Amino acid sequence: MKLKRSIPVLKWSFLFALVALGSWYAYRRPELFAALRNLRASYLAMLLGLALAGRLLQGLRFRLLTSVLGLELGYWEAFGLVMSSSMYSSLAPGRAGLGAQALYLKKRHGLSYAHFGSLVAASNLLGFLVAALAGLVACLASQLSGRAAPSALVMAFLAILLLCLGGFVVLLGLRRLDVPGRVPTQFLQSACRRLSDGMHTFWGRRDALVKVVLLQTVEITTSVASLWIACAGVGLSVGLAPLISMVTLTLLALLLPLTPGNLGVSEGIISGAAHLWELPAATALMAALVRRAVGVITTFVLGVVSTHALMGGLRADNKDSAAEQSGPGRTLTEDSVSPKTPMPGGSLKTILVISISGLGNTLLFTPALRALRKRYPDARVDVLVEGSAPWAVLETN
């Protein structure tokens with residue numbers, strides 16, 4: 001528990017250390033800013049257009065993901081969720097944006113956190129697979145064209161690709177052997193189950209799986225184009241293979257969100273990859289910072305507008321729900337509120353409640369058990385839980 005509480009502190013400390021190190025580096029190397037003299041408004045306009053195109057593609061992919069779960073969002077609602085998520089992720093380290101998406105979908109559309117989390121985890125695994133494959137192909141193509149690719153990058157892409165493929169096969173093909181249940185710790189068991197459920201959901205919708213992979217490939221292409229324009233804006237000529245390897249490495253770094261929006265981490269990766277390709281690392285760093293600045297402006301402008309629109313929709317839904325439940329001449333009390341899914345009438349003899357979640361979810365559904373007992377006083381209520389710890393929670397509540 002102490003380690004879990006100290007993780008945000010460590011992430012903020014890491015961010016401040018990166019900012020301090022970057023400031024010191026810029027102070028000692030004032031010639032870096034000379035590269036900005038070649039930056040014209042046309043480059044900024046193209047970067048802005050590509051940043052907007054990338055966000056539109058992300059909205060399309062998010063809408064496709066939610067449709068796999070049977071939730072048909074409007075495009076602009078999905079786009080708004082993507083922009084709000086990006087804004088929150090840029091403000092706090094970790095996955096604050098993902099939590100905001102899950103909370104909104106739960107409140108407005110009733111989508112469970114477990115289903116949403118499993119599909120996002122599977123989508124991320126597919127994204128890492130596509131990114132590693134693209135980086136490896138770019139390095140091999142450079143090798144075949146006569147320019148030696150850095151062996152460190154080739155080995156890194158190959159290792160990540162094999163790891164993603166192995167995880168894909170194990171979680172998809174060996175579910176009957178209960179592979180997630182054989183993982184030693186409860187945290188890893190939960191992560192493996194989410195990935196396994198998400199991969200099986202995708203496998204049942206292969207058409208959506210292909211579309212998601214294609215959209216992720218187009219997003220990588222858009223990111224490569226934006227980095228190329230940023231490099232051209234600061235006077236740096238970069239080949240296609242180095243560009244693809246830089247972009248895919250920054251995408252793979254999202255696996256461990258150490259700073260808000262991976263600020264400083266992505267730029268450091270681009271600078272390091274440029275050094276491996278024997279390119280001016282300092283100029284590549286300036287190109288990455290220009291690209292970051294345009295992306296941050298786009299994210300916050302669209303994020304504020306999207307958040308305002310989404311919150312307005314939530315408030316309108318709450319007002320409509322309150323009006324329906326209270327009705328004319330009635331006051332809204334706790335007894336007058338009915339659940340979204342009414343309980344069946346008649347007399348039930350046996351009720352089985354299944355919970356395979358952790359302690360927190362088990363504790364949260366105990367009021368539902370009391371409501372069941374109150375509604376059906378003569379019925380037998382059985383609860384199926386996993387492990388002894390959730391059962392102890394039920395016994396004491």
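This structure is a prediction, so every number in the text was calculated from the model and none was measured.

Rules used in this analysis
Residues numbered from 1 in each chain as written. Predicted model: local features only at pLDDT ≥ 70, side-chain atom pairs only at ≥ 80, totals over all residues. Heavy atoms only, no water. Patch = residues over 30% accessible without salt bridge, like charges linked within 9 Å, V, L, I, M, F, W, Y side chains within 5 Å. Areas by Shrake-Rupley, 256 points an atom, 1.4 Å probe, with all protein chains shown as cover. Salt bridge = Lys/Arg side-chain N within 4 Å of Asp/Glu carboxyl O. Helix = DSSP H or I, 4+ residues; strand = E, 2+ residues; numbered from the N terminus. Buried < 20%, exposed > 50% of the residue type's maximum accessible area, 1.4 Å probe, protein only. Core = buried A, V, L, I, M, F, W, Y, C linked by side-chain atoms within 4.5 Å. Contact = heavy atoms within 4.5 Å. Polar contact = N/O pair within 3.5 Å; in protein donor to acceptor, adjacent residues only side chain to side chain. 1 Å grid on protein atoms, 1.4 Å probe; cavity = no way out; pocket = protein on both sides within 12 Å on 5 of 7 lines; lining within 4 Å. Points joined across faces, edges and corners; volume = space filled by probe spheres on them. Axes fitted to C-alpha atoms, helices over the stretch in contact; angles between N-to-C directions. Parallel < 35°, antiparallel > 145°, perpendicular 65-115°, else oblique. Left-handed = near helix turned anticlockwise from the far one by under 90°. pLDDT = per-residue confidence, 0-100. Expected span 1.5 Å × (residues − 1). Nonpolar A, V, L, I, M, F, W, Y, C, P; charged D, E, K, R; others polar. Phe/Tyr/Trp six-rings, centres within 6.5 Å; stacked < 30°, edge-to-face > 60°.

Draft legend 1. The arrangement of a nonpolar patch on the surface in detail. Taken together, M155, L158, L162 and L165 make up a surface patch of nonpolar side chains, about 370 Å² in accessible area. Within the secondary structure layout, L158 lies in helix α6 (residues 151-173).

Draft legend 2. Structural view of the pattern of salt bridges. All told, the structure shown has five salt bridges when counted by the stated rule. Ionic pairing is found between E77 and R108, a salt bridge with its closest N-O pair at 3.8 Å. Highlighted residues: E77 in helix α3 (residues 75-91) and R108 in helix α4 (residues 96-109), separated in sequence by 31 residues. Judged by its relative accessible area of 17%, E77 is buried. In this structure R108 comes out as partly exposed when scored by relative accessible area, which is 29%. A salt bridge links R380 to D382, with the nearest nitrogen and oxygen atoms 3.1 Å apart. Its relative accessible area of 24% is what places D382 among the partly exposed residues.

Draft legend 3. Spotlight on the nonpolar core. By size, the foremost hydrophobic cluster in this structure holds 59 residues, and its most contacted members are F202 and M246. At the level of elements, α2 (41-68), α5 (113-144), α6, α7 (186-204), α8 (206-233), α9 (240-252), α10 (265-276) and α11 (281-326) are the ones that each hand at least two residues to this core. Sorting elements by how many residues they give to this core places α5 first, with twelve residues. Excluding anything up to four places from it in sequence, F202 contacts L65, V68, L119, A122, S123, L126, L209 and V212. Core analysis: the next-biggest nonpolar cluster, separate from the first, contains 14 residues, A78, Y104, L310 and L314 among them.

Draft legend 4. Here's a closer look at the side chain of T248. Mapped onto the secondary structure, T248 falls in helix α9. A distance of 3.1 Å separates the side chain of T248 from the backbone oxygen of S245, its partner in a polar contact. With residues up to four places along the chain from it excluded, the contact list for T248 reads A131, A134, G135, F157 and I220.

Draft legend 5. Spotlight on empty space enclosed by the protein. All told, the structure shown has one cavity of 30 Å³ or more when counted by the stated rule. Approximately 40 Å³ is the volume found for the largest cavity. As for the largest cavity, its lining consists of F62, L65, T66, L69, F116, L119 and V120.

Draft legend 6. Region of interest: the packing of α2 against α3. Remark: α2 packs on α3, axes separated minimally by 8 Å, with the N-to-C direction vectors making an angle of 115°. Taken as axis vectors, α2 and α3 run roughly perpendicular relative to one another. α2 and α3 meet at a crossing whose hand is right-handed. Counted together, R55, L56, Q58, G59, L60, F62 and R63 of α2 and Y75, W76, A78, F79, L81, V82, M83 and S86 of α3 form the full contact between these two elements.

Draft legend 7. Layout of the confidence of the model for the protein. Overall, the prediction assigns the protein a mean pLDDT of 78, with 73% of residues at 70 or greater. Segment residues 329-342: pLDDT under 50, and eleven contacts once partners within four positions in sequence are set aside and those in other chains are kept.

Draft legend 8. Quick peek at α5. Between its first and last C-alpha, α5 extends 46 Å over 32 residues, near the 46 Å set by a 1.5 Å rise per residue. G146 lies just past α5 and shows a positive phi near 110°.

Draft legend 9. Spatial organisation of the packing of α9 against α10. Contact pair α9 / α10: the axes reach a minimum separation of 9 Å and the direction vectors enclose 145°. Between α9 and α10 the crossing geometry is right-handed. On α10, the residues touching M246, L249 and T250 of α9 are S266, I269, I270, A273 and A274. Taken together, the residues of the contact of α9 with α10 sort by class into six nonpolar, two polar and no charged.

Draft legend 10. Examining the environment of S89 more closely. As for its placement among the helices and strands, S89 is situated in helix α3. Distance from S89 to P260, taken between C-alpha atoms, is 5.7 Å for residues 171 residues apart in sequence. When near neighbours in sequence (up to four residues on either side) are disregarded, S89 contacts G97, P260 and G261. Polar side-chain contacts of S89 include one of 3.3 Å to the backbone nitrogen of G97.

Draft legend 11. Structural detail: the packing of aromatic side chains. For the structure on display, the rule yields four aromatic pairs. Pairing F62 with F116 gives two aromatic rings, centres 6.2 Å apart and planes at 70°, and the pair type is edge-to-face. On the criterion of sequence distance, the pair formed by F62 in helix α2 and F116 in helix α5 is long-range, its members being 54 residues apart. Classification of F62 by relative accessible area gives buried; the value is 7%. Residue classification places F116 among the buried residues on the basis of a relative accessible area of 6%.

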